[in-house]
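The chain contents come next:
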2 protein chains.
Amino acid sequence: MPTAVTARNHATAAPPRRASAFRAIAPEAAEMPLYRVVKRALLQAIEDGTYPPGAALPNETALAATFGVSIGTLRHAVDELAADHILVRRQGRGTFVASHNADRSVFQFFHIERADGLREAPTVELLGFERARLDEDAAQALGAPAGEACFAIETRLALQGRAVAYDRIVIPAALFRGLTEKRLRDRPSTIYHLYQTEFGITVVRAHERLRAISADRTVARVLGLPHGAPVLQVRRTALTFGDKPVEHRVSTVNTSHHDYVNLLTRPI
Amino acid sequence: MPTAVTARNHATAAPPRRASAFRAIAPEAAEMPLYRVVKRALLQAIEDGTYPPGAALPNETALAATFGVSIGTLRHAVDELAADHILVRRQGRGTFVASHNADRSVFQFFHIERADGLREAPTVELLGFERARLDEDAAQALGAPAGEACFAIETRLALQGRAVAYDRIVIPAALFRGLTEKRLRDRPSTIYHLYQTEFGITVVRAHERLRAISADRTVARVLGLPHGAPVLQVRRTALTFGDKPVEHRVSTVNTSHHDYVNLLTRPI
DNA sequence: CCCAATTTGTTCGTATGTATA
DNA sequence: TTATACATACGAACAAATTGG
């Protein structure tokens, strides 16, 4: 729950701007603007489950009162969280914690579309599920020691019945305690939705590094390509709050009929 | 020059919110919020050269007065333009029209970096320059009829002396009247800086479609790769204001030692 | 080195418009 | 229709960064 703080009066006499009780509980934020302190507090409340995914936040007036800031300052904080896809605002309804419905996962994290521009959600087929140990690459990506316990998941993604990508996913076992092949197979929605609803892990952003490689035997078999065919390799690190890595994924994509699409910067 | 408008008083009596002279000069914006009308007017002023790249805008108080809006509304408009990299704000100095210095071109439009994460600006070598006619692909990307006159430019990009990318650039001749190989070769900075300073064309964003292909003879020769090696093909359409396409570029990248990097969403 | 002027950044508060249930 | 919530717009005061004297 966000900490209640005493209201401050800005225009009069001159209460020192940095002396609010609110700031006192976040000493590391000493020289941070107030709206950013509020943003952090909201993030913290989302992380610790005070406001779970899909939940509505209190209205702006109430939130501002809770934090002891003006509604303008509160809105500034919420604006940034909305820009980061952490919150979703809906006029007339409220402000909600973003949840990993199919749309979000597809539009924010899935970048493959047909060469003619048709965009749709892939069908996912589970090819493998096993307990394993982090190899060097995955360990580095996850910021964990090599050899640590993990789950290794393999899936094949298809668009219009055509196999398009072969994904090898590595996630730390410590974060996903109790994951079983059955739970993974029976998930009703995307895998990021499963992370969120079953393990309380919300993927908020990711970075990807791409290169062209030749299909090895495994890739060729899974994607139905000739051995040695050029394929796109996408290495993704998915991050949760505080830029903590929670998933390492290597996608190998057949780009004969599909493209990886990158829309740079925001539209005007 | 931004059009001066009579100031409106919001809090009192009740002058109809939609009846300002400002709105009257932009009838298509009838149902657009005021801050967005201001944003469009600023964009227009930047496009038509009232505020050229690098120029300082009048200060916020003056701009707000010019448009006849409150400073909060003016700031809302400027905020969005800054988020779009059209304007750059500097506390204590002013607000400036973004210009295509090397940094901007590199950080906003160049996505190749060494596999170990080292990021630097490429050295560019001009391989070819000729007048040509738009082929089907380029015509579609540029939204122009095939066969129209264009310039076809070929460059090789190197990082630390190693050839990394082979770029084929197509730009409409009509937009770049007077471009010569010498002017291109003698440019002091990036090619987008040349577009901006010599032809008044500012690239504000772009979209890219990526796929893996096999190096043909030309690519193999230019990049020093074996024929058939897997390479990354990046097809970029660069856009200016109003999402008007101004450049079509096909980059072919040797990703043996470098990656194409995509940082998804904004940092928190 | 410090001071004053200028400009954006932050914060406050209030009133009204618009979408939703 | 009414109530609620976010969206837009107004205005004011002070903080912080920059520049030039």
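These numbers were taken from a predicted model, which means no experiment stands behind them.

### Looking at the packing of helix H3 (residues 60-67) of chain B against helix H4 (residues 71-83) of chain B
Two numbers describe a pair of packed helices, the interaxial angle and the distance between the axes. Residue and element names in this part refer to chain B. For the pair H3 and H4, interaxial distance at closest approach is 9 Å and the crossing angle is 105°. With respect to H4, the axis of H3 lies roughly perpendicular. Where H3 abuts H4, its residues Glu60, Thr61, Leu63, Ala64 and Phe67 lie against Ile71, Leu74 and Arg75. Counted by class, the contact of H3 with H4 contains five nonpolar, one polar and two charged residues.

### Considering the sheet that holds strand S6 (residues 162-172) of chain A
Note: strands within a sheet are paired through backbone hydrogen bonds, in either parallel or antiparallel orientation. Strand order in the open sheet made by the eight strands is S4(A)-S5(A)-S6(A)-S9(A)-S8(A)-S7(A)-S10(B)-S3(B), with antiparallel pairing throughout. Of all the strands in the sheet, just strand S4 (123-133) of chain A together with strand S3 (112-114) of chain B have a single pairing partner and so form its edges. The average undirected angle you get between the axes of adjacent strands in this sheet is 25°. Note that strand S7 (residues 205-214) of chain A and strand S8 (residues 230-240) of chain A share 10 bridges and pair antiparallel. What sits directly across from Ile213 of chain A, in S8 of chain A, is Val231 of chain A. Along the sheet, helix H8 (residues 191-199) of chain A contacts S6, S8 and strand S9 (244-253) of chain A; its crossing angle with S9 of chain A, the most-contacted strand, is approximately 160°.

### Notes on the sheet that holds strand S6 (residues 162-172) of chain B
Spatial ordering of the open sheet is given by S3(A)-S10(A)-S7(B)-S8(B)-S9(B)-S6(B)-S5(B)-S4(B), a layout of eight strands whose pairing is antiparallel. Looking along the sheet, the strands with just one partner apiece sit at the ends: strand S3 (112-114) of chain A together with strand S4 (123-133) of chain B. Here the strands of the sheet are splayed against their neighbours by 25° on average, with no regard to which way each runs. Of the strand pairs in this sheet, S4 of chain B and strand S5 (residues 149-159) of chain B are connected by 10 bridges, and their pairing is antiparallel. Bridging across to S5 of chain B, Gly128 of chain B finds its partner in Glu154 of chain B. Sitting on the sheet, helix H8 (residues 191-199) of chain B touches S6, strand S8 (230-240) and strand S9 (244-253) of chain B, and the angle it makes with S9 of chain B is about 160°.

### A short note on H8 of chain A
Inspection of H8 of chain A places Ile191, Tyr192, Leu194, Tyr195, Gln196 and Phe199 of chain A among the buried residues, and these make up the whole buried set. Where H8 of chain A is buried, its residues touch helix H5 (102-109), S6, helix H7 (181-185), S8 and S9 of chain A.

### Side note on the relation of the copies chain A and chain B
Each copy of the sequence occupies a distinct position, and chain A is placed on chain B by a rotation of 180° and an axial shift of 0.1 Å, giving an RMSD of 0.1 Å. Within this description, the copies of the chain are treated as partners about a two-fold rotation axis. With an isologous cut-off of 70% or more, the 98% of interface residues of chain A that recur at the interface of chain B puts this contact in the isologous class.

### Points about the domain arrangement of chain A
All names here are of chain A. Taken domain by domain, chain A holds domain 1 (4-97) and domain 2 (102-258). The interface is formed by six residues belonging to domain 1 together with six residues belonging to domain 2. Taken together, the two surfaces of domain 1 and domain 2 that pack against each other cover about 480 Å², and 70% of this comes from carbon and sulfur. Area buried by domain 1 at its contact with domain 2 is led by Glu47, Pro53 and His85, which between them contribute 68% of it. Across the contact surface, domain 1 and domain 2 share zero salt bridges. Run the count over domain 1 and domain 2 and you get one residue pair in polar contact (both at pLDDT 80 or more). Here the side of domain 1 that touches domain 2 is composed, by residue class, of four nonpolar, one polar and one charged.

Conventions used here
- Residues numbered from 1 in each chain as written.
- Chains lettered and ligands numbered in written order.
- Predicted model: local features only at pLDDT ≥ 70, side-chain atom pairs only at ≥ 80, totals over all residues.
- Heavy atoms only, no water.
- Axes fitted to C-alpha atoms, helices over the stretch in contact; angles between N-to-C directions.
- Helix = DSSP H or I, 4+ residues; strand = E, 2+ residues; numbered from the N terminus.
- Parallel < 35°, antiparallel > 145°, perpendicular 65-115°, else oblique.
- Contact = heavy atoms within 4.5 Å.
- Nonpolar A, V, L, I, M, F, W, Y, C, P; charged D, E, K, R; others polar.
- Pairing = 2+ DSSP bridges.
- Buried < 20%, exposed > 50% of the residue type's maximum accessible area, 1.4 Å probe, protein only.
- Least-squares fit on C-alpha atoms with pLDDT ≥ 70 in both.
- Domains from an automatic or database assignment.
- Buried area = accessible area lost by both parts, 1.4 Å probe.
- Salt bridge = Lys/Arg side-chain N within 4 Å of Asp/Glu carboxyl O.
- Polar contact = N/O pair within 3.5 Å; in protein donor to acceptor, adjacent residues only side chain to side chain.

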